[in-house]
Amino acid sequence: MHTCDLDVSINKLSKIEGHADLDIKIRDGKVENVDLRIMENLRFFNEAVQGQSYAAVPQLVSRICGTCSIAHLTGCIEAVEKTLDVTPSAQTMILRKLTMYSLMIRDHALHLYFFVLPDLFGLDSALDLPDDKKELIHEALHVKEAGNNLSNLIAGRAVHAPFEQVGGFSNEIDKKKIPAIIKELKSIRPFIMNLAELFYHCPWEFKRKTNFVALATPDFSYLEGKIKTSTGEVIEEKDYWDHLHSVILPYSQASGFEFEGKEFMVGALARLNLNKESLHQNTKRDMEKFLKVFPSENVYHNNLAQAIEIMHSIDHAVEILETTDFKKEAPAKPKKFSGEGVGVVEAPRGTLYYWLGIDNGKVRYANLVIPTAQNLVNLREDVKKIVNDILAANKDAVVLEGEIKKEVEKLIRAYDPCMSCATHFLRVNWL
Amino acid sequence: MFNIFSDKNKKKRVGVFSLTCDEGCSIYLTEIFNKKLLGWLEKIEIVNFLAIKDFVEIKNLDIALVEGVVTSEKDKKLIEEVRKNTKVLVAMGTCAITALPSGQRNNFNKDQLAQIKDHLKKYKFLPKALSVKEAVKTDDEIPGCPIDPKKFVEVFEKYI
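Only a predicted model underlies this, so the values are computations on that prediction, with no experimental measurement involved.

Visitor: Lay out the overall build of chain A with the relevant residues and their values.
Guide: What chain A contains, in helices and strands, is 14 helices and 14 strands. Rg of the C-alpha trace for chain A: 21 Å, near the compact-globule value of 22 Å for 431 residues, within the 12% margin. C-alpha atoms of chain A, sized along the principal axes, occupy 70 × 55 × 35 Å. Across the 431 residues that make up chain A, the buried fraction comes to 54%.

Visitor: So what's going on with helix 7 (residues 189–200) of chain A? Residues and values would help.
Guide: Counting along an α-helix, one turn takes 3.6 residues, and residues three or four places apart therefore face a common direction. Taking 1.5 Å as the rise per residue, helix 7 of chain A with twelve residues should run 16 Å; its terminal C-alpha atoms sit 16 Å apart, in good agreement. Among the structural elements, helix 4 (90–121), helix 5 (135–155), helix 10 (288–291) and helix 11 (301–323) of chain A are those in contact with the buried residues of helix 7 of chain A.

Visitor: So what's going on with the sheet that holds strand 1 (residues 12–18) of chain B? Residues and values would help.
Guide: Residues and elements named next belong to chain B. Overall, parallel pairing links the five strands, which are arranged 2-1-3-5-7 in an open sheet. If you trace the sheet from one side to the other, it starts and ends with strand 2 (44–49) and strand 7 (140–142), each paired once. Here the strands of the sheet are splayed against their neighbours by 25° on average, with no regard to which way each runs. The sheet contact formed by strand 1 and strand 3 (residues 61–67) spans five bridges and is parallel. Opposite Ser 18, over in strand 3, you have Glu 67 as the bridge partner. Across the sheet, helix 2 (residues 73–84) is in contact with strand 1, strand 3 and strand 5 (86–92); its angle to strand 5 comes to roughly 135°. Running at roughly 155° to strand 7, helix 6 (residues 149–159) makes contact with strand 1, strand 3, strand 5 and strand 7 of the sheet.

Visitor: Outline helix 11 of chain A, supporting the account with residue identities and numerical values.
Guide: For helix 11 of chain A, spanning 23 residues, the distance from its first C-alpha to its last is 33 Å, which sits close to the expected 33 Å at 1.5 Å a residue. Most of helix 11 of chain A is tucked away: 18 of the 23 residues are buried.

Visitor: Outline the interface of chain B and chain A, listing residues and values.
Guide: Listed as interface residues are 37 residues of chain B and, on the opposing side, 36 residues of chain A. Within the residue set of the side of chain B that touches chain A, elements represented by two or more residues are helix 1 (24–40), strand 4 (70–72) and helix 4 (110–122) of chain B. A total of ten residues in the side of chain B that touches chain A trace back to one element, the largest contributor, which is helix 1 of chain B. Partitioning the side of chain B that touches chain A into residue classes produces 17 nonpolar, 13 polar and seven charged.

Visitor: Summarise the packing of helix 3 (residues 69–84) of chain A against helix 4 of chain A; cite the residues concerned and give the values.
Guide: Residue and element names in this part refer to chain A. It is at 9 Å that the axes of helix 3 and helix 4 come closest, and there the two elements cross at 155°. Relative to helix 4, helix 3 is oriented roughly antiparallel. Read as a crossing pair, helix 3 and helix 4 show a hand that is left-handed. In this structure, helix 3 contributes Ile 70, Ala 71 and Thr 74 to the contact, and helix 4 contributes Arg 96, Thr 99, Met 100 and Leu 103. Looking at side-chain class alone, the contact of helix 3 with helix 4 contains four nonpolar, two polar and one charged residues.

How each quantity is defined
One numbering rule holds for all chains: residues counted from 1, following each sequence as written. All chains are assigned letters beginning at A, and all ligands numbers beginning at 1, according to the order in which they are written. Totals for whole chains, interfaces and linings use every residue, but because this is a predicted model, local features are given only for residues with pLDDT of at least 70 and side-chain atom pairs only at 80 or more, for both listing and counting. Where helices and strands are cited, they refer to DSSP runs of H or I of at least four residues and of E of at least two residues respectively, numbered from the N terminus. In this description the radius of gyration comes from C-alpha coordinates, and the expected globular size is given by 2.2 Å times residues to the power 0.38. Exposure is read from a count of other C-beta atoms within 10 Å of each residue's own; the residue is exposed at 12 or fewer, buried at 20 or more and partly exposed in between. C-beta atoms are placed from the backbone. For a helix, the expected span equals 1.5 Å multiplied by the number of residues minus one. Working definition of a contact: two residues with C-beta atoms, positioned from the backbone, lying within 7 Å. Strands were regarded as paired on the criterion that DSSP finds at least two bridges between them. Axis lines are fitted through C-alpha atoms, for helices just across the contact stretch, and the angle between N-to-C directions can take any value from 0 to 180 degrees. Gly is placed with the polar residues, together with every amino acid not listed as nonpolar (Ala, Val, Leu, Ile, Met, Phe, Trp, Tyr, Cys and Pro) or charged (Asp, Glu, Lys and Arg). An angle counts as roughly parallel when it lies under 35 degrees, as roughly antiparallel when it exceeds 145, as roughly perpendicular when it falls between 65 and 115, and as oblique in every other case. Helix crossings fall into two classes, left-handed where the near helix is turned counterclockwise from the far one by less than a right angle and right-handed where it is turned clockwise.

Interpretation in functional terms is not warranted from these geometric data alone.
Structure (structure tokens):
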């Protein structure tokens, strides 16, 4: 083994959501320390929501994250509804599923086409794709636009969706637009088959034994179900917090989490590992070859898992749009105005957990656990291992630093971390 | 390659910068790209956009699109550097124009301020969160949270 001392720093990791720096300290040929420093400034949402009306808080927390704002909005609304005994209608639940599908289509597409593809072809940016691969950019833009248009139809907008509210949706669906949306969604299916094929054949592999955790929903709709783990535990949504432990990360404006005292991984890979049988039948039919890969411990299969989730989101959305007669409905009303409640949804990057306390209609506290924060400890352990593996391969010291940087950035991108989100952590002293 | 003739045709050099915010405007910009990007790339070169490419030095920009709030000393340094190196600086979105929601802390009560005081000091936050307009001179703005797509196209196309 190479016995070297080396400090590797990556300032401003690119092609991820938000800003983060990474420092790796190597002594005597072994990784001594990994610091992933999330450089997003806190915006103090935890404090800002205190005293605000229950009806306004979901739109406020939507601003925690640009790309997955719909997940924050939906998770927070669910927490308000559980707290105040609001029972949303069956149609509202269907509309929420469509809203979540629109999010998954465009958010996963952004990650796979714009963040990961450059690594696959050794480029700085997807905009630099050579002529013979340029078609992929056209496909990327079509896929994102289809997700964007579905968001517009159901929820009013892809980022900070205005129609989704506590108790229901404020706007009636414009039925005239549905056939065009169905057509567009069907038209991007071949692109997603291409995309899955790319990641299926991608030779990247990194494995380390870990625990996967996800909300397993019976129709893979990301909304309601039980939390499952790869060690076989099944947990009710409201009890999730009992199993999580906050971990302080030095020099970072965020904290990490452990599940039952150990690192774990959430996100598309966890969902596919734990719940692939609940995918839509058309997805299962056309993606059988890709689905055989799961369960998988290869972190890079998170990319393939995301492509499969785009397909499921298309297929289930199409079925819902083809078979539902949407009607105008009044929003469901709260039966009480004080209490505590928990909302859990699967955001694109994993399980998102909201716990609210409300007094007389005003939020007393909000406690949220973000997918990226749950992944941070696991990510740190993976970075340690991948760097130790590179060191063990006894590379020339000159090429070592470059290779470490390249491989570590690639690994971090596979997690699809969201640093804007990760800076919003809870503080236990409220309890 | 898309950008191969950038020097010959004098494409406008565009940078997109994110200060403290949720980056919703950048994300929404990538949605506006769905229909517009390929046309724009005939006229522009995207020099800085950390969301989709590795970091490149901030230099000789024609247009800088800036989202977010100037809440820390680091934000202030970045926005001043961008200002010095761009011909046109456009404040993009509600954060850049009004300093909200990060600026909520400017109106916190005593209890709320006590909760955040140590953090502000440790991470060198400014005494008050500032909008981009308050921090440097801006040439134009695109309102909305996230940016209004029609307004974005209207403003952006004036400068390219």
